[in-house]
2 protein chains.
Amino acid sequence: MGKKWKKLMKNMDRQMALKTALTMLEYDMETEAPEEAHEYTSQMVGILNSMLQEEILRKDNGRLLDQLEKKELPEERRKMVHEMQKERRRMAAIPAKEYREFSALQAKASTIWARARENNDFSSFEPVLDRMLEMTKKMAGYRAEKGQKPYDVLLNDYEESFTMESLDPFFAMLKKEIVPLWKKLEPAVKSVDDSFLYAKCDIQGQKRFCDYLLDVLGFDRRRGVAGESAHPFTTSLHNHDVRITNHYYEDLPVSGIFSVIHETGHALYEMGIRDELTQTPLGGGTSCGMHECQSRFYENMIGRSEAFWIPIYGKLQEMCPEPFAEVERKEFIRAINKPKPELIRVESDEISYFLHILVRYELEKALFAGDLKVKDLPEAWNDRMEEYLGIRPKNDREGVLQDIHWAQGSFGYFPSYALGNAFAAQIYYTLRARYDVDGLLREGQLGVITEFLRENIHQYGGLKSSREILKDITGEDFDPSYYVRYLKEKFTGLYL
Amino acid sequence: MGKKWKKLMKNMDRQMALKTALTMLEYDMETEAPEEAHEYTSQMVGILNSMLQEEILRKDNGRLLDQLEKKELPEERRKMVHEMQKERRRMAAIPAKEYREFSALQAKASTIWARARENNDFSSFEPVLDRMLEMTKKMAGYRAEKGQKPYDVLLNDYEESFTMESLDPFFAMLKKEIVPLWKKLEPAVKSVDDSFLYAKCDIQGQKRFCDYLLDVLGFDRRRGVAGESAHPFTTSLHNHDVRITNHYYEDLPVSGIFSVIHETGHALYEMGIRDELTQTPLGGGTSCGMHECQSRFYENMIGRSEAFWIPIYGKLQEMCPEPFAEVERKEFIRAINKPKPELIRVESDEISYFLHILVRYELEKALFAGDLKVKDLPEAWNDRMEEYLGIRPKNDREGVLQDIHWAQGSFGYFPSYALGNAFAAQIYYTLRARYDVDGLLREGQLGVITEFLRENIHQYGGLKSSREILKDITGEDFDPSYYVRYLKEKFTGLYL
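Residues numbered from 1 in each chain as written. Chains lettered and ligands numbered in written order. Predicted model: local features only at pLDDT ≥ 70, side-chain atom pairs only at ≥ 80, totals over all residues. Heavy atoms only, no water.

**Student:** Even after reading the chapter, I still don't get the overall build of chain A, so can you show me in this structure?
**Tutor:** Along chain A, the regular secondary structure elements total 22 helices and 3 strands. A compact globule built from 496 residues should have a C-alpha radius of gyration of about 23 Å, and chain A, at 23 Å, falls within 12% of that. Principal-axis analysis of the C-alpha atoms places the extent of chain A at approximately 65 × 50 × 50 Å. Considering chain A as a whole, with its 496 residues, one finds that 56% of them fall into the buried category. Expressed as a percentage of contacts within chain A between residues at least 6 apart in sequence, the contacts between residues at least 24 apart total 74%. Carbon and sulfur atoms provide 47% of the accessible area of chain A, an area that totals close to 20900 Å². (Helix = DSSP H or I, 4+ residues; strand = E, 2+ residues; numbered from the N terminus. Rg over C-alpha atoms; globule rule 2.2 N^0.38 Å. Buried < 20%, exposed > 50% of the residue type's maximum accessible area, 1.4 Å probe, protein only. Contact = heavy atoms within 4.5 Å. Areas by Shrake-Rupley, 256 points an atom, 1.4 Å probe, with all protein chains shown as cover.)

See the structure below:
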């Protein structure tokens, strides 16, 4: 028994070592690698990826997992076996030839998507997307249990135990509440001046302020690094090496500011995972939804609250006098929260963000149900945008081509963004019941809140599911009504 | 036949992919990784290393190499098989248990050495060094052919076909010529003022100038990156991703300047290797000696020549007015070449550099012959320094503890530094016979010289040995008398 476990751990170490190498190489390609490196380095990445696949599918690995799965194991070990088994089964279910085709398609599709977006030409992306959808559906079909729908298989990948059955009422309820809230806010916020958010702001000053924010947020520089890349992201080699990146725009300083808060939310999660779990399959955040919960909690509930800015707004004015020296803190808060129809998801406010996800969820469902053809996607996208947000994209670049997810075959991923927001709201109200959250923020005591999250979420890594975490923190099952309450209270308070 | 070759290439790709990952992780640990990452990342590096060892020792790999070695193959393939076979045999000759012990000792010894140097305490390093010497000797013994001495096995690792038989007369000849040259120069250079080299110089200005130098030297930024680390080094993922690092000292600006020239010499070599050879065992510089030949050619023959500075000295004065604005170019040249007794190898001038290597060569020989015990090493070191350079280290930090090489088990490495210098001098005179080298430099036409090196050295990677390269360029076998001639002409011209 101990011997089998030891053997499994040896296999696990090999898989983790290859994953660490792949994470490192990918991070480097996004940040430091010179322009011409990609083509050559990608070949090595491809080989390492197939070595990883081999390791996972090794016969002795499968045998060990099958045997250990049947034994009574301590909780932590049981979960590790479960995670490794899940990954192995996912891979094993797909014929090697198709898996290779899919990997090749992924690599190709991202490039074709990027070019199509650049040229605003959906038709050049259509055949690849069509094939991608077909393959994803087929591969999910291999993995489906009896009667399970392929789209549910994918939803479950990103957030365990969430399927259409639970997401449909979630989206329906939110749609019912948020579309009217949006209509009510729209006339009221028209007069809110946010022109200074689009004024020129010295990049060096932005960088200094974002660096200062890292300390405010409690980013541990001994186990983290902050760099730059084309699009901000977070990655982690293990809990003692977590990297975030940022991107600065001269005429949109809040982009860099809220990106650094968002990514630090992800980073604090990864840094807070227990040492015993790191470098194991439980050594990362438990799900996309819970990760997004952390990042958007810091970005929105903390980072866009007035209390958070009370002790630090002066620093922003000092480091970025142009344009903030003349802007009152209250004006700033109303500007950074101002809801307005925005065609691009990642630039949208908290309210329209949900509507963006709703559009994608409905379209994905229709695509998987066969009710919508890829060629009709742009039209369907634009119609929904017009219906929910009152704006219609003038071209596909600001419409259906804006996100990379589908090009990578990540169908079923978007809903986890909405779930993350809803998780965050539910946790937020528990926090407020226990602490004077605004009072802590006003006094620069964000650490107390982070400690709460570390204690109740971060440290567990993949040991608890999102649902278990919510239950343990709030005493309740997942309840999206908190999300509605949060949006209503916040935006009514700010603008009505 | 084609099938076997294909199989071998598949094995090779796996080895190269692991090596690429290891290079990447090591580079990252020296540059960007946060402080606490090392302990955790090192574990993954250890696993990747043993996976690489496994790949190399795989039975089918050995069988393929044995079969292909006997076939008539085109030159390039023959060389690849030769290199792979060499690496495999080196590994296979050593019992797995000893190899593991050696790897563990290497990791441990570097840390103990660093602490011993820090605390200036040779006695704490002595037992580890003793064991390291014993193991290195034993392991070289396993690999020795009949009658071959262990030290020759090691020398041959770093520079093929160079053993004590050829190195003894090389060192003897140079010793005979250089010790007297040194004695003659010493009184003459005493009055040369170089105090401004140790004056404060703004780090930002240094960085700007070093960045400018990259362009002067033809460093291709599309396939290279320049970063920072505690000690400057060069590394390469492949010929389209070559990285150099530098380190800046406020009170020693020439350190950063000559480091960037030195490392760019290494980088140009790696960048110049043919695309067909990169990501194969022939995809790096052919030997340590030839690599050092390139770096020291750029650093000394080019970088410390007056002609090189004619078009660019004004830029240095402009970017680093403090301390160079008031220094005449001629003074600068005499200062940067000034020979003076220096206890630390890496800070020493061109003449005493050779004497430093001589000391190490003689000591290594004595250690391997059993004529010297590790415990008597500090005394023996100091005696030789006094004899050759006229200065005696006051402590072991500036004596026997200064280099990391022995802690890593790299006995036999130092002579390749001296060989590199000698190769460079021999090539330099051929170049001068064909081109007006100083004229080209005065006109900023360094590219012509780099193109010559690329054409005759760089592009071949590991396809030709150092000896073959020298022969093809100069029409002669290796001849160290050019090195003596170079030193005599240069230093007599400058100071006598």
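**Student:** Looking at this structure, I do not really get the packing of aromatic side chains. What am I missing?
**Tutor:** Each aromatic ring pair is characterised by the separation of its centres together with the angle its planes make. Counted by the stated rule, this structure contains 70 aromatic pairs over all chains. Residues Tyr353(A) and Tyr417(A) carry aromatic rings whose centres are separated by 6.4 Å and whose planes lie at 70° to one another, so their mutual orientation is edge-to-face. With Tyr353(A) in helix H16 (residues 350-369) and Tyr417(A) in helix H18 (residues 414-434), this pair connects stretches of sequence that are 64 residues apart. The lysine or arginine in question, Arg243(B), covers the ring of Tyr27(B), its NZ or CZ lying 5.0 Å from the ring centre. Positioned over the ring face of Phe258(B) is Arg304(B), at 4.0 Å from the centre of the ring. (Phe/Tyr/Trp six-rings, centres within 6.5 Å; stacked < 30°, edge-to-face > 60°. Lys NZ or Arg CZ within 6 Å of the ring centre and 35° of its normal.)

**Student:** Help me out: how do you make sense of the relation of the copies chain A and chain B in this one?
**Tutor:** For these two chain copies, the linking operation is a rotation about an axis paired with a shift along it. With an RMSD of 0.1 Å, the operation that places chain A on chain B is a rotation of 180° combined with a shift of 0.1 Å along the axis. In symmetry terms, the pair is related by a two-fold rotation axis. Taking the C-alpha atom as reference, chain A places Ala21(A) closest to the rotation axis, 2.8 Å from it. When you check the interface residues of chain A against chain B, 100% turn up at the interface there too, and the contact is symmetric in its surfaces. (Least-squares fit on C-alpha atoms with pLDDT ≥ 70 in both.)

**Student:** It is not clear to me how helix H8 (residues 164-189) of chain A should be interpreted in this structure. Could you clarify?
**Tutor:** Residues three or four positions apart in an α-helix share a direction because the helix packs 3.6 residues into each turn. Along its length, H8(A) shows its largest kink, about 25°, at Lys175(A). When H8(A) is considered as a whole, its buried residues turn out to be Met164(A), Leu167(A), Phe170(A), Phe171(A), Leu174(A), Ile178(A), Val179(A), Leu181(A), Trp182(A), Leu185(A) and Val189(A). (Bend = angle between axes of the 7 residues up to and from the residue.)

**Student:** Please clarify how the confidence of the model for chain A should be interpreted in this entry.
**Tutor:** Interpretation of the predicted coordinates at a detailed level should be avoided for regions scoring low in pLDDT. Overall, the prediction assigns chain A a mean pLDDT of 95, with 100% of residues at 70 or greater. The ipTM for the predicted assembly is 0.92, set against a pTM of 0.93. (pLDDT = per-residue confidence, 0-100.)

**Student:** Mind showing me how you'd approach the environment of Ser195(A) here?
**Tutor:** Residues and elements named next belong to chain A. Position of serine 195 among the secondary structure elements: in the loop between H8 and helix H9 (203-217). Accessibility expressed as a relative area gives 47% for serine 195, which makes it partly exposed. Distance from serine 195 to glutamate 101, taken between C-alpha atoms, is 48 Å for residues 94 residues apart in sequence. Here the side chain of serine 195 touches aspartate 193 through a polar contact of 2.8 Å, side chain to side chain. (Polar contact = N/O pair within 3.5 Å; in protein donor to acceptor, adjacent residues only side chain to side chain.)

**Student:** Explain the interface of chain A and chain B here, please?
**Tutor:** How big an interface is tends to be expressed through the accessible area that disappears when the partners come together. The interface of chain A with chain B comprises 40 residues on the first partner and 40 residues on the second. With both chains or domains summed, chain A and chain B bury close to 3500 Å², and 61% of this area falls on carbon and sulfur atoms. For the interface between chain A and chain B, the tally reads 8 salt bridges. For Glu36(A), the salt bridge identified is with Arg222(B), shortest N-O distance 3.8 Å. The interface formed by chain A and chain B contains 20 residue pairs in polar contact (both at pLDDT 80 or more). Looking at the side of chain A that touches chain B, the elements that each hand over two or more residues are helix H1 (2-31), helix H2 (37-57), strand S1 (224-228), strand S2 (234-238) and strand S3 (241-246) of chain A. For the side of chain A that touches chain B, the residue count by class is 17 nonpolar, 9 polar and 14 charged. (Buried area = accessible area lost by both parts, 1.4 Å probe. Salt bridge = Lys/Arg side-chain N within 4 Å of Asp/Glu carboxyl O. Nonpolar A, V, L, I, M, F, W, Y, C, P; charged D, E, K, R; others polar.)

**Student:** Looking at this model, I keep getting lost on H2(A). Mind explaining?
**Tutor:** For H2(A), spanning 21 residues, the distance from its first C-alpha to its last is 30 Å, which sits close to the expected 30 Å at 1.5 Å a residue. Those residues of H2(A) not exposed but buried are Ala37(A), Tyr40(A), Thr41(A), Met44(A), Val45(A), Ile47(A), Leu48(A), Met51(A), Leu52(A), Gln53(A), Glu55(A) and Ile56(A). (Expected span 1.5 Å × (residues − 1).)

**Student:** I keep staring at the pairing of S3(A) and nothing clicks. Help me out?
**Tutor:** Successive residues of a regular strand alternate their side chains across the two faces of the sheet. Residues and elements named next belong to chain A. Most of S3 is tucked away: 6 of the 6 residues are buried. Residue alternation in S3 divides its side chains into two sets, Asp241, Arg243 and Thr245 and Val242, Ile244 and Asn246, and both sets are buried. Where S2 meets S3, 4 bridges bridge the pair, whose relative direction is antiparallel. Following the sheet pairing, threonine 234 is matched in S3 by isoleucine 244. The hairpin formed by S2 and S3 contains 2 residues between the paired strands. (Pairing = 2+ DSSP bridges.)

**Student:** I tried to follow the packing of H16(A) against helix H17 (residues 377-389) of chain A on my own but got confused; where do I start?
**Tutor:** Pairs of packed helices are described in terms of their axes, by the angle between the two and the distance that separates them. Residue and element names in this part refer to chain A. The interhelical angle for the contact between H16 and H17, taken along N-to-C directions, is 145°, at an axis separation of 10 Å. Here H16 runs over H17; the crossing is right-handed. Residue-level contacts link Ser352, Leu355, His356, Leu358, Val359, Arg360, Glu362, Leu363 and Leu367 of H16 to Leu377, Ala380, Trp381, Arg384, Met385, Tyr388 and Leu389 of H17. Grouping the amino acids of the contact of H16 with H17 by side-chain chemistry returns 11 nonpolar, 2 polar and 3 charged. (Axes fitted to C-alpha atoms, helices over the stretch in contact; angles between N-to-C directions. Left-handed = near helix turned anticlockwise from the far one by under 90°.)

**Student:** When you look at the state of the cysteines in this model, what are you seeing that I'm missing?
**Tutor:** Here a disulfide denotes a covalent bond joining the sulfur atom of one cysteine to the sulfur atom of another. Residues and elements named next belong to chain B. Counting across every chain of the model gives 0 disulfides over all chains. With no disulfide of its own, cysteine 210 has cysteine 320 as its nearest cysteine by sulfur position, at a separation of 7.8 Å. Cysteine cysteine 293 remains unbridged, with the sulfur of cysteine 288 as its closest cysteine sulfur at 13 Å. For cysteine 293, a relative accessible area of 1% gives the class buried. (Disulfide = S-S within 2.5 Å.)

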